[in-house]
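Okay, here's what each chain looks like letter by letter:
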Amino acid sequence: EAKQKGRNNYKFFTKALNEAVAKRLEIEALLRLAIQNEQFFLVFQPKVRLKDGVVVGVEALVRWQHPESGILLPEQFMGVAEDSNMAIDIGRIVLNMVCQQLKQWGQEDKADVKISINISSLQLMHNGLVEDLKNATARYGVKTSNIEIELDERALLDNERGCIDLLSQFKFLGVESSLDNFGAGTLSLDYIRKFPIKQVKFDKKYADTLNDNVEEKAILNSLLELAKALSYDVVIEGVETQAQLFSILQMPCDYAQGYYFSEPVSAEDLKFNYVIPSMRGNHL
Ligand code: C2E
Ligand code: MG
Ligand code: MG
């Protein structure tokens, strides 16, 4: 009987696996078409400077306008894109859209706003990224220094030496780098000092802990102090509530991002100035 059951499980597993493979192949085929037809667009989330509420930059986040399924999020397709090398093509499309946007802002009064782009480990290691960046900025006549890149731990660790070289080349072009989602993985601030990184983006998990107890706050506060001491610019991501913001305002932190200020929105819907609420009269 156990054998019978095992066989059934096996059958079930095979069926699920076949379905998963079919689904993957389907996504892959659709992605290929999406790249040909440029079915991607960008939304932007402001990075707000806490001392005065000025939006110093925005993060570009890619979306796929799927003909039947509607708007898809990166987590629904970037995995497949990575496995099939299409992430390189998507990265190029994103870069071009970013430059197009910078060109438009340059013609308005927003020439100082920077756009930061997320770069995956695969994209980073494809040799041609620096060329792509030079080409795209030249094509649209925009300054490389208006572009920033965000890398996660994996991108740093997959090829340390190559990564350091590449980030140095970027830096030479005026493109600053950030470590994305710091705290979600295992790297310490001490360890990342060997990479030419300007900014550390503290993972949403830290903003979330601000709802909890004093010890979590103490940990965040001392990590921020260390980051400051090591001369990093610091962003806290995923700030959703005013209570979280008030906690952060008492800590050594330069910038914040999150739904409290704005979800990722189209370029037209972006706001470039926020009023930072005064903490006076708020007893926390
Ligand atoms: P990420 O770079 O860490 O981006 C932050 C994610 O958190 C975004 O999800 C954003 O919409 C979401 N978020 C921002 N503020 C809040 C908040 O207050 N609360 C909550 N719950 N979420 C918030 P999104 O747009 O789905 O992107 C997910 C990830 O996909 C990004 O994480 C990034 O790693 C990757 N990604 C996005 N665009 C690109 C791209 O153009 N290229 C590459 N290679 N990866 C991208
Ligand atoms: Mg990011
Ligand atoms: Mg992030």
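Looking at an unreviewed UniProt entry, the protein chain carries the name EAL domain-containing protein, with the source organism given as Alkalimarinus sediminis.

## Here we look at the nonpolar core
One finds Leu31, Phe40, Ile90, Leu156 and Phe202 to be the most contacted residues of the largest nonpolar core, which totals 83 residues. Among the elements that take part in this core, helix 3 (residues 86-107) stands out by supplying 11 residues, more than any other. Residues within four places of Ile90 in sequence aside, it is in contact with Leu31, Ile35, Phe40, Val62, Phe77, Met78 and Ala81.

## Quick look at the pattern of salt bridges
With the rule as written, the count across this model stands at 19 salt bridges. One salt bridge in this structure joins Arg49 and Asp52, with 2.8 Å as the shortest N-O distance. Using a relative accessible area of 24% as the deciding quantity, one classes Arg49 as partly exposed. In this structure, the salt-bridge partner of Lys110 is Glu108, at a minimum N-O distance of 2.8 Å. The network of salt bridges with common partners includes Glu59, Glu150 and Lys201.

## Thoughts on the coordination of the magnesium ion (ligand 3)
Looking at the metal site, the magnesium ion (ligand 3) is ligated by Asp180 (OD), Asn181 (OD1), Glu237 (OE) and Glu237 (OE), spaced 2.2 to 2.6 Å from it. Metal-to-metal, the separation of the magnesium ion (ligand 3) and the magnesium ion (ligand 2) is 3.7 Å; Asp180 coordinates the two. Taken together, the residues span a long stretch of sequence, with Asp180 in strand 6 (residues 176-182) and Glu237 in the loop between strand 8 (233-236) and helix 10 (242-249) at a distance of 57 residues. With respect to burial, Asp180 and Glu237 carry one shared label: buried.

## Focus: the coordination of the magnesium ion (ligand 2)
For the magnesium ion (ligand 2), the full set of protein donor atoms is Glu59 (OE), Asn118 (OD1), Glu150 (OE) and Asp180 (OD), and the range of their distances to it is 2.0 to 2.2 Å. Summarised as a motif, the one-chain spacing of the donors to the magnesium ion (ligand 2) is E-x58-N-x31-E-x29-D.

## A closer look at the site of ligand 1
Lining the immediate environment of ligand 1, one finds 22 residues, of which Arg63, Asn118, Asp180, Glu240 and Tyr259 sit closest. One nitrogen or oxygen atom from the side chain of Asn118 is found 2.8 Å from an oxygen atom belonging to ligand 1. With respect to ligand 1, the backbone of Tyr259 contributes an N or O atom lying 2.8 Å from an oxygen atom. In the complex, 78% of the free accessible area of ligand 1, which totals 800 Å², lies under the protein chains. Of all the cavities here, the one that holds ligand 1 is the largest pocket. Listed by contribution, the elements that provide at least two residues to the shell around ligand 1 are strand 2 (55-66), helix 2 (74-83) and strand 6. Ranked by residue count, the leading element in the shell around ligand 1 is strand 2, at 4 residues. Looking at side-chain class alone, the shell around ligand 1 contains 8 nonpolar, 7 polar and 7 charged residues.

## Focus: empty space enclosed by the protein
Using the criterion set out here, one finds 2 cavities of 30 Å³ or more in the structure. Estimates place the volume of the largest cavity at around 110 Å³. Forming the walls of the largest cavity are 14 residues, and the residues nearest its centre are Gly91, Leu95, Ile119, Gln123 and Leu129. Elements with a contribution of two residues or more to the lining of the largest cavity: helix 3, strand 4 (114-118) and helix 5 (129-140).

## Digging into the side chain of Glu150
Tracing the backbone through its elements, the reader meets Glu150 in strand 5 (residues 147-151). At a separation of 2.7 Å, a polar atom in the side chain of Glu150 contacts the side chain of Lys201. Other than its neighbours up to four places away in sequence, Glu150 contacts Glu59, Ser116, Ile117, Asn118, Ile119, Ser178, Asp180 and Lys201.

## As for the side chain of Ser178
Tracing the sequence through the fold places Ser178 in strand 6. Looking at Ser178, the relative accessible area reads 2%, which means it is buried. Setting aside its immediate chain neighbours within four residues, Ser178 contacts Ile149, Glu150, Leu151, Ile197, Gln199 and Lys201.

What counts as what
- Residues numbered from 1 in each chain as written.
- Chains lettered and ligands numbered in written order.
- Predicted model: local features only at pLDDT ≥ 70, side-chain atom pairs only at ≥ 80, totals over all residues.
- Heavy atoms only, no water.
- Core = buried A, V, L, I, M, F, W, Y, C linked by side-chain atoms within 4.5 Å.
- Buried < 20%, exposed > 50% of the residue type's maximum accessible area, 1.4 Å probe, protein only.
- Helix = DSSP H or I, 4+ residues; strand = E, 2+ residues; numbered from the N terminus.
- Contact = heavy atoms within 4.5 Å.
- Salt bridge = Lys/Arg side-chain N within 4 Å of Asp/Glu carboxyl O.
- Donors = N, O, S within 2.8 Å, 3.2 Å for Na, K, Ca; no water.
- Near = heavy atom within 4 Å.
- Polar contact = N/O pair within 3.5 Å; in protein donor to acceptor, adjacent residues only side chain to side chain.
- Areas by Shrake-Rupley, 256 points an atom, 1.4 Å probe, with all protein chains shown as cover.
- 1 Å grid on protein atoms, 1.4 Å probe; cavity = no way out; pocket = protein on both sides within 12 Å on 5 of 7 lines; lining within 4 Å.
- Sits in = over half its atoms within 2 Å of the grid points.
- Nonpolar A, V, L, I, M, F, W, Y, C, P; charged D, E, K, R; others polar.
- Points joined across faces, edges and corners; volume = space filled by probe spheres on them.

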